[in-house]
Amino acid sequence: PHVSFRASEPLHASTEEFIALMSRPGARPNPALLGEVMNHFTRDSIENFMLRPMEELGIGGAQRRLVEFAADTVQKSSQVVLKATLNKLDHQQHRHSAEYMDGLRLQLACPQRGDEAWFVSFRAPDDFAQRARASMARARNEGPQAEVREITQVMRTLTDLALENYYERPLAILKFGPILGKMSSVAIATVRKGTYSTIDSLFPKLTEEQLLRGIDYFDALLVDVPRERLRRPL
């Protein structure tokens, strides 16, 4: 099982360019291009995990402002880290970034377009996938309100997995020193706290119809990837 969302064209194009650049012998660091990739990546993540679900659920008013505030927190925290780090990365750190990004890319079937597209994808632990699918099945069969507490915990775990794969692992690969490492840790903790707060405040207030729409949306993010589709990165 993987958690996957379709990459936007700007994210795909900039990532492809960066990976191709860093795979060439004698390639030099390109902080501007890496910054472009990371900005597109942050926007895509916010779009697929926050803003698009909000639209699918039909959230408005105070609840909408809560989600928008959380999205703004993620954006600003990422910008702080990028501004402090991009021009300090050496060639090896650029190379490691390209390798990690390439490992997140999968070409999968895209039902909406009727063809294939590039997705951002990370492996979901089997126990998480089983727990999430069992909870969503119970919500559909027995009514979503009885599953609100369990669904909330699943969404918290999904937050942890996204932060681990999108931020913590790549930052660990870069081997920051104590100052930049501390700054990154604070930014991640801020995003985690804000996202937890949004989930805890939002989900108990959703109607049954909204909960079911949300379940359908997040269920589509959890996909079983055929072994032959798994790629060997750079």
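The structure reproduced in this document is the subject of the present report.

Cut-offs applied
- Residues numbered from 1 in each chain as written.
- Predicted model: local features only at pLDDT ≥ 70, side-chain atom pairs only at ≥ 80, totals over all residues.
- Heavy atoms only, no water.
- Phe/Tyr/Trp six-rings, centres within 6.5 Å; stacked < 30°, edge-to-face > 60°.
- Helix = DSSP H or I, 4+ residues; strand = E, 2+ residues; numbered from the N terminus.
- Buried < 20%, exposed > 50% of the residue type's maximum accessible area, 1.4 Å probe, protein only.
- Lys NZ or Arg CZ within 6 Å of the ring centre and 35° of its normal.
- Core = buried A, V, L, I, M, F, W, Y, C linked by side-chain atoms within 4.5 Å.
- Contact = heavy atoms within 4.5 Å.
- Axes fitted to C-alpha atoms, helices over the stretch in contact; angles between N-to-C directions.
- Left-handed = near helix turned anticlockwise from the far one by under 90°.
- Nonpolar A, V, L, I, M, F, W, Y, C, P; charged D, E, K, R; others polar.

**A look at the packing of aromatic side chains**
Part 1 of the argument: Throughout the structure, instances matching the rule amount to six aromatic pairs.
Part 2 of the argument: Ring centres 5.0 Å apart and planes at 85° place the aromatic pair Phe41 and Tyr166 in the edge-to-face group. Pair noted here: Phe41 is in helix α2 (residues 31-57) and Tyr166 is in helix α6 (residues 148-174), with a separation of 125 residues, a long-range link.
Part 3 of the argument: We classify Tyr166 as buried; its relative accessible area is 4%.
Part 4 of the argument: Each residue in the set Phe5, Phe41, Phe49, Phe122 and Tyr166 is aromatic and connected to the rest through ring pairs, giving one cluster.
Part 5 of the argument: When the ring centre of Trp118 is taken as reference, the NZ or CZ atom of Arg105 above it lies at 4.7 Å.

**Considerations on the nonpolar core**
Part 1 of the argument: The biggest cluster of nonpolar side chains holds 66 residues, and the ones touching the most others in it are Phe18, Phe128, Met155 and Tyr166.
Part 2 of the argument: Counting residues per element, this core draws most heavily on α6, which supplies twelve residues.
Part 3 of the argument: Not counting residues up to four positions away in its chain, the partners in contact with Met155 are Ile199, Phe203 and Phe218.
Part 4 of the argument: Ranked by size, the runner-up nonpolar core spans six residues in total, among them Leu108, Cys110, Ala117 and Phe119.

**Comments concerning the packing of helix α1 (residues 9-22) against α2**
When two helices pack together, their arrangement is given by the angle between the helix axes and the distance between those axes.
Part 1 of the argument: Where α1 meets α2, the closest approach of the two axes is 9 Å, and the angle between their N-to-C directions is 145°. Regarding α1 and α2, the two cross each other, and that crossing is left-handed. Two secondary-structure elements touch here, α1 through Pro10, Leu11, Ser14, Thr15, Glu17, Phe18 and Leu21 and α2 through Leu33, Leu34, Glu36, Val37, His40, Phe41 and Asp44.
Part 2 of the argument: Looking at side-chain class alone, the contact of α1 with α2 contains eight nonpolar, three polar and three charged residues.

These figures capture arrangement, not role.
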